[in-house]
Amino acid sequence: MSKVLVIAEHLDGKLNAATAKTVSAALALQPDSIDIAVLAADPAAIAAEAAQIAGVAKVLTVANAANAHALAQVLAPQIAKLADGYTHVFGPSTTFGKDLMPCVAALLGTAQVSDVMAVEGSHTFKRPIYAGNAIITVEAPADHVVVATVRAASWPEAAKGGSATIEVATVETALPGHTRFIGLAAGKSDRPDLQSARRVVSGGRGVGSEENFKIIYAFADRLGAAVGASRAAVDAGYCPNEMQVGQTGKIIAPELYVAIGISGAIQHLTGIKDAGTIVAINKDAEAPIFEIADIGLVGDLFKLLPELEAALA
Ligand code: FAD
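Everything numeric in this text was worked out from a predicted model, so none of it was measured. (Residues numbered from 1 in each chain as written. Predicted model: local features only at pLDDT ≥ 70, side-chain atom pairs only at ≥ 80, totals over all residues. Heavy atoms only, no water.)

As for the packing of helix α3 (residues 72–82) against helix α4 (residues 95–107)
Inclusion rule: The axes used here are C-alpha line fits, helices contributing only the stretch in contact, and every angle between their N-to-C directions lies in the interval 0 to 180 degrees. Secondary structure elements follow DSSP: runs of H or I no shorter than four residues count as helices, runs of E no shorter than two count as strands, and numbering proceeds from the N terminus. Comment on the angle field: the value is read as roughly parallel under 35 degrees, roughly antiparallel over 145, roughly perpendicular from 65 to 115, and oblique elsewhere. By the definition used in this description, the sense in which the near helix is turned from the far one sets the handedness, with an anticlockwise turn below a right angle giving left-handed and a clockwise turn giving right-handed. Contact between two residues is taken to exist if any of their heavy atoms lie within 4.5 Å; hydrogens are not considered.
At their nearest, the axes of α3 and α4 sit 8 Å apart, and the two run at 50° to each other. As summarised for this structure, α3 and α4 are arranged oblique, according to the angle between their axes. Relative to α4, the crossing made by α3 is right-handed. Contacts between α3 and α4 involve Ala72, Gln73, Leu75, Ala76, Pro77, Ile79 and Ala80 from the first element and Phe96, Asp99, Leu100, Cys103, Val104 and Leu107 from the second.

Next up, the structure:
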């Protein structure tokens, strides 16, 4: 008898695709029911989107001005209350879920199962460790609610076409005053979102400078791709931190990943383990990236990229 509560991730009134991926992991439990909780200032539009995910029975909405911004310390006590009666509470292992779900787990007096990549049973899950070099099977205590984050890159989005009922939920709990929203500093970009893009072009240390990174942006725009980077490129100040792909950056699963001037360190490869076709451009034929690349171009990126761009035009 499993009942799963999935926590919706959303921004600017739109549901994040990671929510439908989290529902896929919930479906793998073959539960009796799956509900989605939408906590927002005005949850109506988000709930309507969530209700269309196939396999979802109910969408619970919690409307509160305090939920206008995703603050883990504010959301967690409400989710802990909503969790009553559920056997599982799942969230995506995006930055949102990684911030929120440990707080939920702590309030429910349990340890979180992180980065679920496969479901083996109602309390048994597979997850990656050592930067994805090993996969372990973890077992959560059977007598306790399971709080887990779901590795979005490992799961497809659950299909649309559902028609869940939408219910207003009332949550009686004191919200903390010690954590409040001050402001959001985020880079603006018209390019696709790195975490959900179908195509990603990433640059590494080999690109050489922030100025040179323009060649990466131009190539990405030609492909309609999001732009990512290695940690070395981020640390060197070639591009902002939110573009980092890898173990300590974003874990992504695009259909096409183009790695340019990136050597292929294991911490970078962790972030693209589930990518479809991997293309690498590197002047060093011995670079480890070529071991995992489907297509490899050995040569100087500053010569090859303009040629590729011209061919695409
Ligand atoms: P390099 O390894 O220096 O490679 C640059 C490549 O560019 C070389 O292969 C070179 O041949 C090629 N090149 C140079 N010039 C040209 C040219 N003109 N044309 C074509 N090719 C050229 N790294 C991440 O990326 N993401 C992470 O999340 C991450 N997390 C980490 C966490 C920990 C705990 C640790 C210890 C490390 C982490 N790292 C991460 C760092 C990682 O180990 C590597 O140092 C980093 O990925 C290297 O980045 P790079 O490939 O851009 O640089």
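Quick notes on the packing of aromatic side chains
How we decide: Pairs were defined over the aromatic rings of Phe, Tyr and Trp, the Trp ring being its six-membered one, requiring ring centres within 6.5 Å. Orientation was assigned from the angle between planes: stacked under 30 degrees, edge-to-face over 60, tilted for the rest. Three exposure classes are used, based on accessible area relative to the maximum for each residue type with a 1.4 Å probe and protein chains only: buried under 20%, partly exposed in between, and exposed over 50%.
Counted by the stated rule, this structure contains 3 aromatic pairs. Seen in terms of ring centroids, Phe90 and Phe125 are 6.4 Å apart; in terms of plane orientation they differ by 70°. Their pairing is edge-to-face. Taken together, the positions of Phe90 in strand β6 (residues 88–92) and Phe125 in strand β9 (residues 124–129) put the pair 35 residues apart, joining distant regions of the chain. There is no split in this pair, since Phe90 and Phe125 are both buried. Summarising the aromatic geometry, the rings of Phe213 and Tyr238 are spaced 6.5 Å apart at their centres and angled 50° between planes, so their arrangement reads as tilted. Of this pair, Phe213 sits in the loop between β13 (199–203) and α5 (214–223) while Tyr238 sits in the loop between α6 (231–235) and β15 (256–260); the two residues are 25 residues apart in sequence, bridging distant segments of the chain. Judged by relative accessible area, Phe213 falls into the buried class, the value being 0%. Joined through ring pairs, the aromatic side chains of Phe213, Tyr217 and Tyr238 make up one cluster.

Describing the sheet that holds strand β12 (residues 165–168)
Stated precisely, the cut-off is as follows: Strand pairing is assigned whenever DSSP identifies at least 2 bridges connecting the two strands.
The strand order across the open sheet built from 7 strands is β7-β11-β6-β1-β4-β5-β12, with neighbouring strands paired in parallel fashion. The outermost strands of the open sheet, each flanked by one partner alone, are β7 (113–116) and β12. When strand polarity is set aside, the average angle formed by the axes of neighbouring strands in this sheet is 25°. Judged from the 3 bridges that link them, strand β1 (residues 3–7) and β6 form a sheet pairing that is parallel. Following the sheet pairing, Val6 is matched in β6 by Phe90.

With respect to unusual backbone geometry
Although it is not a glycine, Gln30 adopts a positive phi angle of roughly 50°. With respect to the helices, strands and loops of the structure, Gln30 is situated in the loop between α1 (17–27) and β4 (33–40). A relative accessible area of 71% means that Gln30 is categorised as exposed. The phi angle at Asp115 is positive, at roughly 60°, despite the residue not being glycine.

Some thoughts on the environment of Asp84
Take Asp84: it is sitting in the loop between α3 and β6. In sequence terms Asp84 and Val145 are 61 residues apart; their C-alpha atoms lie 9.1 Å from each other.

A short note on α4
Applied cut-off: Helix span, as expected, comes to 1.5 Å for every residue beyond the first.
Counted at 1.5 Å a residue, the expected span for α4 with its 13 residues is 18 Å, and the 19 Å between its end C-alpha atoms agrees. What α4 keeps buried is the set Phe96, Gly97, Leu100, Met101, Val104 and Ala105. Buried residues along α4 sit against β1, α3, β6 and β11 (146–150). In the segment just after α4, Gly109 is the residue with positive phi, at about 70°.

What to know about the site of the ligand
This is how it is decided: It suffices for a single heavy atom of a residue to lie within 4 Å of a molecule or strand for the residue to be listed as near it. Whenever two N or O atoms come within 3.5 Å, that pair is a polar contact, provided that in protein one can donate a hydrogen and the other can accept it, and provided that, for residues adjacent in sequence, both atoms are side-chain atoms. Per-residue accessibility takes into account occlusion by the displayed protein chains alone, with areas from the Shrake-Rupley method and a 1.4 Å probe.
Around the ligand, a shell composed of 25 residues is seen, among which Arg205, Ser230, Thr248, Ser263 and Asn282 lie nearest. Contacts to the ligand include Ser230, whose side-chain N or O atom sits 2.5 Å from an oxygen atom. A distance of 2.8 Å separates a nitrogen atom of the ligand from a polar atom in the backbone of Leu301. Its free accessible area being 980 Å², the ligand has 76% of it covered by the protein chains. If you list the elements that add at least two residues to the shell around the ligand, you get α6, α7 (266–269) and α9 (301–312).

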